[in-house]
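# Structure assessment
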Amino acid sequence: MGGENRAMYSQHFCSATSSRSHSRGQTTLDFAFGISIFLLVLAFAFTFVPGMLQPFAQGTDAETVGANRAGDTLAEGMLGDPATPYVLNKTCTVGFFDTGVPTGCQYDGATATDRLAIGPFQDVNVTLQGSFSGPTYQVLCWNGTALAEVGSPNCGAGDTRLATGEPVPEGSVPTVTARRVVSVEGTTAVIRVVVW
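## What to know about the nonpolar core
Within the largest apolar cluster, 31 residues are counted, with the highest numbers of intra-cluster contacts made by L74, F96, L116, V126, L128 and I191. Elements with a minimum of two residues in this core: α3 (61–78), α4 (90–97), α5 (112–116), β2 (124–130), β3 (138–142), β7 (176–184) and β8 (187–195). Per-element accounting of this core gives the leading share, five residues, to α3.

## Quick notes on the state of the cysteines
Where two cysteines share a covalent bond between their sulfur atoms, that bond is called a disulfide. One pass over the full model with this rule turns up two disulfides. For C92, the disulfide goes to C105, at an S-S distance of 2.0 Å. Across the disulfide from C92 to C105, rotation about the S-S bond amounts to roughly -100 degrees, and the bridge is consequently left-handed. A residue pair is termed long-range when its members are at least 10 positions apart, and C92 in helix α4 and C105 in the loop between α4 and α5 qualify at 13 residues. You can call C92 buried: its relative accessible area is 7%. By relative accessible area, C105 is classed as buried at 13%. Here the disulfide map of the chain reads 1-2, 3-4, the bonded cysteines being numbered as they appear in the sequence.

## Observations regarding α4
Taking burial as the measure, the eight residues of α4 include six buried ones, the bulk of the element. Buried within α4 are the following residues: C92, T93, V94, G95, F96 and F97. The N-cap residue of α4 is N89: its side-chain oxygen and the backbone nitrogen of T91 are 2.8 Å apart.

## What about the packing of aromatic side chains?
Aromatic rings in a pair are described by how distant their centres are and how their planes are angled relative to each other. Across all of its chains, the model carries two aromatic pairs by this definition. Between the aromatic rings of F96 and F97, the centroid separation amounts to 5.3 Å while the plane-to-plane angle is 85 degrees, which identifies the pairing as edge-to-face. For F96, a relative accessible area of 1% translates into the label buried. Ring plane angle 90 degrees and centroid distance 5.5 Å describe the contact between F96 and Y107, whose orientation is recorded as edge-to-face. A residue pair is termed long-range when its members are at least 10 positions apart, and F96 in helix α4 and Y107 in the loop between α4 and α5 qualify at 11 residues. Here Y107 falls in the buried class, since its relative accessible area comes to 5%. Aromatic rings pair up to connect F96, F97 and Y107 into one cluster.

Definitions and cut-offs
- Residues numbered from 1 in each chain as written.
- Predicted model: local features only at pLDDT ≥ 70, side-chain atom pairs only at ≥ 80, totals over all residues.
- Heavy atoms only, no water.
- Core = buried A, V, L, I, M, F, W, Y, C linked by side-chain atoms within 4.5 Å.
- Buried < 20%, exposed > 50% of the residue type's maximum accessible area, 1.4 Å probe, protein only.
- Helix = DSSP H or I, 4+ residues; strand = E, 2+ residues; numbered from the N terminus.
- Disulfide = S-S within 2.5 Å.
- Polar contact = N/O pair within 3.5 Å; in protein donor to acceptor, adjacent residues only side chain to side chain.
- Phe/Tyr/Trp six-rings, centres within 6.5 Å; stacked < 30°, edge-to-face > 60°.

In structure tokens, the structure reads:
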């Protein structure tokens, strides 16, 4: 009886293992689902792990906030009437890029950094740009009667160049730029604020 049981056990065991290998529960769809989950977890790790480590690395968050705040402040009221944002007052706009502060304008201070209340550890450059003669934007000037591109015959040496602040650094210094489309005396222009 002992030999018979062993033979039956061995026959039963062999048939059970062979039936397992032929009737596994994994299909192509199961494999695709598993790989998809694996790839999603891998993508999640590559996407969010650098963000978790970023507070310990030096970034330009302060410059981003400063540039956007300065652009909004200039376009939405400092250079014009807050009731009509993005429409700039000619006198206040030209005065901002000059040394004086015209009466009735909503800023004070002598430099762009003072006027925009940019922090002491940041530098700023503000320009008013436009495109009158081609597809590229150029710095504008006020010639006493109208806006003109710097370097054009309509912008002379004595005209107010609509640029102020520190020169924008070249090379490896990271900068943040904010732009706002505005209207000055019926002319479309762009305020460009660079903070670093």
